Amino acid sequence: MTFPTHRPRRLRRNEAIRSLVRETRPSTSGLVYPMFVCPGRGVRAEVSSMPGIAQQSVDKLLEEAREAAELGIPAVILFGLPEHKDEKGTEAYIASGVVQRAIEGIRTARPELLVITDVCLCEYTSHGHCGVIEGKQVANDPTLELLAEMALSHARAGAHIVAPSDMMDGRVAAIRKRLDANGFADTAIMSYAAKYCSGFYGPFREAAQSAPQFGDRASYQMDPANAREALKEVARDLEEGADIIMVKPALPYLDIVYRVREAFDVPVAAYNVSGEYAMVKSAAQNGWIDEKRVVLEILTSIQRAGASIVLTYHAKDLARWLKAC
Ligand code: PBG
């Protein structure tokens, strides 16, 4: 029997009823705030294509990390801009690197804040690729050694979770092995398992100065047309020892988030990336959309698709809005 016995509008009559039957309850508890750390002191340089987001020296970054913690955001993810770039991305894995110093600073200033680090060479290499170059190719196996070294240096500095985003084959196993061999069995791995070769990373490449100097990332990042392949990538990363798996970008790939959530019983993260952020910000600045409403809808939709962890540049605004709800 349907209408008039059934009237779905009964459960939409007022906000109290709607709230009672709400299936997805957006929350601050799964938010991760991405931050960019650069050399120097007292530096805060706004990224023009990402209003509100800046490259910051460690001292400034600590101020903002404190603010994020006070807003109830449980975690940050750090990206580094080195002093000098070279062929092998040396500054990615030295103990005095910007990210390593930022990790130590946050661990001291805000012990309750979870520190996640991005493990990838592209911000540190002169050619801007995520691995070492042999001939004109990004060489997989020689890169694994450097990624493992980078993850270990982050763990030594105090990172709780390392997050490889390079998309080399076998990196999770290489990192797990290196961490375990050095007494970091408790450092978790969040792998960017289904990371697509996406145009939505444009603003990030300005923020992290990591645009490839030749070619693109299509030989290692996934083809946007492939969904079944994402399940294979996720399965391999889990076999290799990933604790949390990520889908990236988020909005154009909510079907992937959903499929991964259905197929695997592990925590699923989604990265609401720089281009997604820039689109919302620019439309909001023009008065074309209601920013708060749209951003809350975006968070809800990512959680509804199945991600319990959401990396987003909107994290601080979301935390403020959710507090006021
Ligand atoms: C590094 C990395 C990228 C992002 C996160 N880690 C850029 C890329 O793969 O080119 C993108 C994040 C964003 O766009 O917000 N490999």
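Definitions and cut-offs
Residues numbered from 1 in each chain as written. Predicted model: local features only at pLDDT ≥ 70, side-chain atom pairs only at ≥ 80, totals over all residues. Heavy atoms only, no water. Near = heavy atom within 4 Å. Polar contact = N/O pair within 3.5 Å; in protein donor to acceptor, adjacent residues only side chain to side chain. Areas by Shrake-Rupley, 256 points an atom, 1.4 Å probe, with all protein chains shown as cover. Nonpolar A, V, L, I, M, F, W, Y, C, P; charged D, E, K, R; others polar. Buried < 20%, exposed > 50% of the residue type's maximum accessible area, 1.4 Å probe, protein only. Helix = DSSP H or I, 4+ residues; strand = E, 2+ residues; numbered from the N terminus. Pairing = 2+ DSSP bridges. Salt bridge = Lys/Arg side-chain N within 4 Å of Asp/Glu carboxyl O. Core = buried A, V, L, I, M, F, W, Y, C linked by side-chain atoms within 4.5 Å. Contact = heavy atoms within 4.5 Å. Expected span 1.5 Å × (residues − 1). Phe/Tyr/Trp six-rings, centres within 6.5 Å; stacked < 30°, edge-to-face > 60°. Lys NZ or Arg CZ within 6 Å of the ring centre and 35° of its normal.

A. Representation of the site of the ligand in the model. Not every one of the 18 residues close to the ligand is listed here, only the nearest: Lys195, Arg205, Lys248, Ser274 and Tyr313. One nitrogen or oxygen atom from the side chain of Ser274 is found 2.7 Å from an oxygen atom belonging to the ligand. Measuring from an oxygen atom of the ligand, one finds a side-chain N or O atom of Tyr313 at 2.5 Å. Bound to the protein, the ligand loses 100% of the 400 Å² it would expose on its own. In terms of residue class, the shell around the ligand is built from ten nonpolar, three polar and five charged.

B. Structural detail: the pairing of strand E1 (residues 31-37). With respect to burial, E1 is a largely interior element, seven of its seven residues being buried. A two-sided burial pattern is seen for E1, the buried positions comprising Leu31, Tyr33, Met35 and Val37 on one face and Val32, Pro34 and Phe36 on the other. In this structure, E1 lies alongside strand E12 (residues 309-312), joined through two bridges in parallel fashion. For Leu31, the partnering residue across the bridge sits in E12 and is Val310. Both E1 and strand E3 (residues 54-56) contribute to a ladder of two bridges, which runs parallel. From the neighbouring strand, Val37 faces E3, where its bridge partner is Gln56.

C. Main features of the pattern of salt bridges. As enumerated under the stated definition, the model contains 22 salt bridges in all. Across the pair Glu291 and Lys281 runs a salt bridge whose closest N-O atoms are separated by 2.7 Å. Here Glu291, found in helix H10 (residues 291-305), pairs with Lys281, found in helix H9 (residues 274-285); they are ten residues apart in sequence, far enough to count as distant. Of the residues examined, Lys281 reaches a relative accessible area of 10% and is grouped as buried. Note that Asp317 is salt-bridged to Arg320, the shortest N-O span being 3.1 Å. Residue Asp317 and its partner Arg320 are both found in helix H11 (residues 315-324); the two are separated by three residues, about one turn of the helix. Classification of Asp317 as partly exposed rests on a relative accessible area of 21%. Residues joined in a network through salt bridges with shared partners are Arg44, Glu46, Glu64, Glu67, Lys281, Glu291, Lys316, Asp317 and Arg320.

D. Main features of the nonpolar core. Phe36, Leu78, Ile106, Met190, Ile256 and Leu311 are the most contacted members of the largest nonpolar core, which totals 112 residues. Here this core takes eight residues from helix H4 (residues 140-157), the largest share from any one element. In this structure, Ile256 is in contact with Ala194, Tyr196, Asn226, Ala227, Ala230 and Val247, ignoring residues within four places of it in sequence.

E. View of H4. When the terminal C-alpha atoms of H4 are compared, their 26 Å separation across 18 residues agrees well with the 26 Å that a helix rising 1.5 Å per residue should span. Regarding H4, the residues found buried are Thr143, Leu144, Leu146, Leu147, Ala148, Met150, Ala151, Leu152, Ser153, His154, Ala155 and Ala157. On the buried face of H4, the contacting elements are helix H3 (98-109), strand E5 (114-119), strand E6 (132-134), strand E7 (137-139), strand E8 (161-164) and helix H5 (171-181). Immediately downstream of H4, the backbone of Gly158 shows phi near 120°, a positive value.

F. Representation of unusual backbone geometry in the model. Here the amide bond leading from Phe3 into Pro4 is cis, since omega sits at 10°, within 30 degrees of zero. Inspection of the secondary structure puts Pro4 in the segment before helix H1 (15-20). At Met167, a residue that is not glycine, the phi angle is positive and equals roughly 70°. In this fold, Met167 is placed in the loop between E8 and H5. Residue class for Met167 comes out buried when judged on its relative accessible area of 6%. In the Ramachandran plot, Gln209 falls in the positive-phi region, its phi being about 45° despite a non-glycine side chain. Topologically, Gln209 is positioned in the loop between helix H6 (202-207) and helix H7 (228-240).

G. Quick look at the packing of aromatic side chains. Counting across every chain of the model gives eight aromatic pairs. Between Tyr196 and Tyr253, the ring centres sit 4.2 Å apart and the planes meet at 15°, which makes this aromatic pair stacked. Of this pair, Tyr196 sits in the loop between strand E9 (188-195) and H6 while Tyr253 sits in the loop between strand E10 (244-248) and helix H8 (254-263), and the two are 57 residues apart along the sequence. Residue Tyr196 is classed as buried on the basis of its relative accessible area, which comes to 0%. Aromatic rings pair up to connect Phe36, Phe79, Tyr192, Phe204, Tyr271, Tyr277 and Tyr313 into one cluster. The ring centre of Phe214 lies 5.0 Å from the NZ or CZ of Lys136, which sits over that ring. If you follow Lys248 out to its NZ or CZ, it ends over the ring of Tyr201, 4.5 Å from the centre.

Function-wise, these values are silent; they only describe arrangement.
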